[in-house]
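Each chain, letter by letter, is given below.
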Amino acid sequence: MTAPVLEVTDLAVHFPGRTGAPVRAVDGVSFAVAPGETLGLVGESGCGKSTVSNAVVGLVPPTRGSLRVMGTEMAGATRATKHEIRARVQMVFQDPVTSLNPRMSVGAAVGEPLLVRGLASGAALRARVDELLEEVGLRPEHAQRYPHQFSGGQRQRIVIARALALRPDLLVCDEPVSALDVSVRAQILNLLVELQQRRGMASLFVSHDLAVVRHVCDRVAVMYLGRLVELAPRDALFAAPRHPYTRALLAAVPEPDPVAQRAKPRVPLAGEIPSPSNPPPGCTFHTRCPFATERCRQEVPSLRPLGESMVACHHAETLA
Amino acid sequence: MRGVSPGMALILLLLVAFIVAALAAPWIAPFDPLRQSLLMRLRPPGTTVAAGMYLLGTDDLGRDLLSRVLHGARASIAVAALSVSISLAFGTLLGLLAGWFRGWVAIAIMRSVDTMLSIPAILLAVLTVAVLGPSFLNLILVLGLTRWPRYTRVAYAQTLQVATLPYIRAAEMAGAGSARILWRHILPNIAGPLMVVATSEFGLMILFEAGLSFLGLGIQPPYPSWGSIMSVGRQYVERAWWLTVFPGACLFVLVLCVNLFGDWLRDRVDPRSQGR
């Protein structure tokens, strides 16, 4: 196996809580992204998936654990090292309205990474910006315009062009299409897949939309309350989910065919997601799991291989 | 200029007229504002002499009031514009730094803002001018360096808000340093509210200048300023009403126009009208 682009080991990110107990947004997550691979990171709101992506791009310092980008450790690195690594990892944000400076022309925004790092200026910079805009399906003359003159889908193309400017090895996409109209989602997703294949770029794709994840990802990691519960190749995950939480998630996706919808097994989950500042002991999912036993309430399950998948459940074998 | 109502057009026209009158005072003033003529003391508006007409009358030393009011507009507008520029630049810089670096930088800056705001500004200005001595430059410095806290407060609050937006994260990831982020990304996006504060301060500075000159701490005689003309006129108010009425009316109309312009500007930079 080739060296991973990104290797995350036992990553934890805790935020100081209002009432004293820290909020454990991410609590011991490990995974790796191979060159050219797309890893999907799914889970419901508040499970810590966006915190993982913010930690990966260096916007949030990790409390514990290691983050290696192209073999270089990010946790506790010097400013200069971080500045270098940040060029290797770029990000596409969720909201294309707030991810572009309204007072900056598109050309200036796309060219900024090249300009501030001294990689291009003047005519060479303009030429690079034109190339980048064409690569994401915009026209060079768009460089003169301002973000408010573009639609949501076009803005997301501009954001992607800016993220590509430094030729990153890893693109972190934090819900890149969830703020867009359904009609333009497919265009943006196809653009991302195409760019990735052309450039051999790896991607960490954060989303709560399982249909989108199924469309673009090679492997999928499922998060619940700051931890990974399952990590599996896409087809294995969708065909044979191992963790009860993954099953519940898949069961909740509506089918377009009403016959298939009625035939679908229903896995209702009771209760609310517990507070990350006071996570339950043992398996964090036991409060809502229909299969929970005494062991689940006491012992934290580790992520272990089962078939093609990795799963963190004491009863994965018996449930299969 | 879309959507300018007739009323607003009149206000803009008056503002332009004041500025043009102030700039062109040496050329359009009918008399030398400093030339005395003791035989023509306290003549009412419309008095005609061989050299021309005293359209607004004369003062206690026989100087033409219209010429003095026109030259006085120069002093008022110059003092207001320069002191607003100083406090806008200084206050905004501090607010940006406090909002961006937060932590002890913000604590130090915002506590000095609170301290400054707890001192009565006009009293501080009077005290400083009294110590440094009254002059045009001192007047501007005193007003400029005592009026920055309002800008700092606005810049601080706005910076805190803008700094959380994804495009600031993107600039950080692009590798931009703090100076570039503050100058290119934050400042242009907080400029609107700051300009609104600057306009309302501009009106206030005109009043402060008049007030200090009235107290004899601003523009020094024989040079005219609206405040000093009114200060002298106060002694003759029963015999020569024009000495207080005309500069007072100018002051009132100019400050009113500036404030209405500020309100209009505030409505235009309202976040709800942005991002079309």
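The rules behind each value
- Residues numbered from 1 in each chain as written.
- Chains lettered and ligands numbered in written order.
- Predicted model: local features only at pLDDT ≥ 70, side-chain atom pairs only at ≥ 80, totals over all residues.
- Heavy atoms only, no water.
- Helix = DSSP H or I, 4+ residues; strand = E, 2+ residues; numbered from the N terminus.
- Buried < 20%, exposed > 50% of the residue type's maximum accessible area, 1.4 Å probe, protein only.
- Areas by Shrake-Rupley, 256 points an atom, 1.4 Å probe, with all protein chains shown as cover.
- Axes fitted to C-alpha atoms, helices over the stretch in contact; angles between N-to-C directions.
- Parallel < 35°, antiparallel > 145°, perpendicular 65-115°, else oblique.
- Left-handed = near helix turned anticlockwise from the far one by under 90°.
- Contact = heavy atoms within 4.5 Å.
- Nonpolar A, V, L, I, M, F, W, Y, C, P; charged D, E, K, R; others polar.
- Pairing = 2+ DSSP bridges.
- pLDDT = per-residue confidence, 0-100.
- Salt bridge = Lys/Arg side-chain N within 4 Å of Asp/Glu carboxyl O.
- Buried area = accessible area lost by both parts, 1.4 Å probe.
- Polar contact = N/O pair within 3.5 Å; in protein donor to acceptor, adjacent residues only side chain to side chain.
- Core = buried A, V, L, I, M, F, W, Y, C linked by side-chain atoms within 4.5 Å.
- Phe/Tyr/Trp six-rings, centres within 6.5 Å; stacked < 30°, edge-to-face > 60°.

## Describing the overall build of chain B
Okay, step 1: Within chain B one finds eleven helices and two strands.
Okay, step 2: Secondary structure of chain B in N-to-C order comes out as α-α-β-β-α-α-α-α-α-α-α-α-α.
Okay, step 3: When its C-alpha atoms are laid out on the principal axes, chain B stretches across 75 × 45 × 30 Å.
Okay, step 4: In chain B, buried positions account for 49% of the 276 residues.
Okay, step 5: With an accessible surface of roughly 13300 Å², chain B has 70% of that area assigned to carbon and sulfur atoms.

## Regarding the packing of helix 3 (residues 106-116) of chain A against helix 4 (residues 122-135) of chain A
Residues and elements named next belong to chain A.
Okay, step 1: Viewed as axis vectors pointing N to C, helix 3 and helix 4 meet at an angle of 115°, and their least axial separation amounts to 9 Å. When the axis of helix 3 is compared with that of helix 4, the two are roughly perpendicular. Considering how the two elements wind past one another, helix 3 and helix 4 form a crossing that is right-handed. Two secondary-structure elements touch here, helix 3 through Val-106, Gly-107, Val-110, Gly-111, Leu-114 and Leu-115 and helix 4 through Leu-125, Arg-128, Val-129, Leu-132 and Leu-133.
Okay, step 2: Here the contact of helix 3 with helix 4 is composed, by residue class, of eight nonpolar, two polar and one charged.

## Side note on the pairing of strand 6 (residues 89-92) of chain A
Residues and elements named next belong to chain A.
Okay, step 1: On strand 6, burial covers both faces: Val-89 and Met-91 on one face and Gln-90 and Val-92 on the other are all buried.
Okay, step 2: Relative to strand 7 (residues 170-174), strand 6 is paired through four bridges, and the arrangement is parallel. Counterpart to Met-91 in the pairing with strand 7 is Val-172.

## Side note on the confidence of the model for chain B
Residues and elements named next belong to chain B.
Okay, step 1: For chain B, mean pLDDT is 87; residues scoring 70 or higher make up 96% of the total.
Okay, step 2: Residue range residues 271-276 is modelled with pLDDT below 50. Its contacts to residues more than four positions away, or to other chains, number five contacts.
Okay, step 3: Here the predicted complex scores 0.84 on pTM and 0.86 on ipTM.

## Considerations on the packing of helix 9 (residues 178-214) of chain B against helix 10 (residues 226-235) of chain B
Residue and element names in this part refer to chain B.
Okay, step 1: In the contact formed by helix 9 and helix 10, the axes pass within 7 Å of each other and the chain directions differ by 45°. What the angle tells us is that helix 9 and helix 10 run oblique. The hand of the helix 9/helix 10 crossing is right-handed. Contacts from Ala-210, Ser-213 and Phe-214 in helix 9 reach Gly-227, Ser-228, Met-230, Ser-231 and Arg-234 in helix 10.
Okay, step 2: For the contact of helix 9 with helix 10, the class distribution of residues is three nonpolar, four polar and one charged.

## What about the pattern of salt bridges?
Okay, step 1: Counting across every chain of the model gives 27 salt bridges over all chains.
Okay, step 2: With a closest N to O distance of 3.0 Å, Asp-114 of chain B and Arg-111 of chain B form a salt bridge. With Asp-114 of chain B and Arg-111 of chain B both in helix 4 (residues 103-118) and three residues apart, this pair spans about one turn of that helix.
Okay, step 3: Owing to a relative accessible area of 47%, Arg-111 of chain B belongs among the partly exposed residues under this scheme.
Okay, step 4: Glu-201 of chain B is the partner of Arg-147 of chain B in a salt bridge, and the nearest nitrogen-oxygen pair spans 2.8 Å. On the criterion of sequence distance, the pair formed by Arg-147 of chain B in the loop between helix 6 (136-146) and helix 7 (149-162) and Glu-201 of chain B in helix 9 is long-range, its members being 54 residues apart. In terms of burial, Arg-147 of chain B and Glu-201 of chain B fall into one category: buried.
Okay, step 5: Taken together, the salt bridges that share partners define one network made up of Asp-10, Arg-24, Asp-27, Arg-64 and Arg-227 of chain A.

## Section: the interface of chain B and chain A
Okay, step 1: Tallying the contact residues gives 18 residues for chain B and 24 residues for chain A.
Okay, step 2: Three residues stand out in chain B for area buried against chain A, namely Tyr-167, Met-173 and Ala-174 of chain B, and they jointly supply 34% of the buried area on that side.
Okay, step 3: Measuring nitrogen to oxygen at the nearest pair gives 2.6 Å for the salt bridge that ties Arg-180 of chain B to Glu-112 of chain A.
Okay, step 4: On inspection of chain B and its partner chain A, the count reaches eleven residue pairs in polar contact (both at pLDDT 80 or more).
Okay, step 5: The set of elements that each furnish at least two residues to the side of chain B that touches chain A consists of helix 8 (166-174) and helix 9 of chain B.
Okay, step 6: Looking at which element gives the most residues to the side of chain B that touches chain A, the answer is helix 8 of chain B, with eight residues.
Okay, step 7: Residue composition of the side of chain B that touches chain A, grouped by class: nine nonpolar, four polar and five charged.

## As for the nonpolar core
Okay, step 1: Of all hydrophobic cores here, the largest spans 64 residues; its most connected members are Ile-186, Leu-243 and Leu-254 of chain B.
Okay, step 2: Here this core takes 14 residues from helix 9 of chain B, the largest share from any one element.
Okay, step 3: Sequence-distant contacts of Leu-254 of chain B, defined by excluding residues within four places in its chain, comprise Leu-15, Phe-18, Ile-77, Ile-206 and Trp-226 of chain B.
Okay, step 4: Counting 55 residues, the second largest nonpolar core, distinct from the first, contains Val-129, Leu-225, Phe-285 and Cys-296 of chain A.

## What to know about the sheet that holds strand 12 (residues 309-311) of chain A
Residue and element names in this part refer to chain A.
Okay, step 1: On the basis of which strands lie adjacent, the open sheet formed by eight strands has the order 6-7-8-3-9-10-12-11 and mixed pairing. Each edge of the sheet is formed by a strand with only one pairing partner; in this case those strands are strand 6 and strand 11 (304-306). In this sheet, adjacent strand axes meet at a mean angle of 20° when their direction is disregarded.
Okay, step 2: Bridge analysis of strand 7 against strand 8 (residues 202-207) gives five bridges, and the strand direction is parallel. Bridge pairing links Leu-171 to Ser-203 in strand 8.
Okay, step 3: Contacts from helix 2 (residues 79-88) reach strand 6 and strand 7 within the one sheet, and its direction differs from that of strand 6 by about 55°.

## Some points on the packing of aromatic side chains
Okay, step 1: Under the criterion given, the structure shown has nine aromatic pairs over all chains.
Okay, step 2: Ring centres of Phe-18 of chain B and Trp-226 of chain B lie 6.3 Å apart, and the angle between their planes is 65°; this geometry places the pair in the edge-to-face category. Residue Phe-18 of chain B is found in helix 1 (residues 6-23), and its partner Trp-226 of chain B is found in helix 10; the two are separated by 208 residues along the sequence.
Okay, step 3: Among the residues examined, Phe-18 of chain B registers a relative accessible area of 13% and is labelled buried.
Okay, step 4: A relative accessible area of 0% places Trp-226 of chain B in the buried class.
Okay, step 5: Relative to Trp-148 of chain B, the ring of Phe-90 of chain B has its centre 5.4 Å away and its plane inclined at 90°; by these criteria the two rings are edge-to-face. With Phe-90 of chain B in helix 3 (residues 65-101) and Trp-148 of chain B in the loop between helix 6 and helix 7, the pair connects residues that are 58 residues apart, well separated along the chain.
Okay, step 6: Taking relative accessible area as the criterion, Phe-90 of chain B reaches 35% and is therefore assigned partly exposed.
Okay, step 7: Ring pairs connect the aromatic residues Tyr-224, Tyr-245 and Phe-285 of chain A, which therefore count as one cluster.

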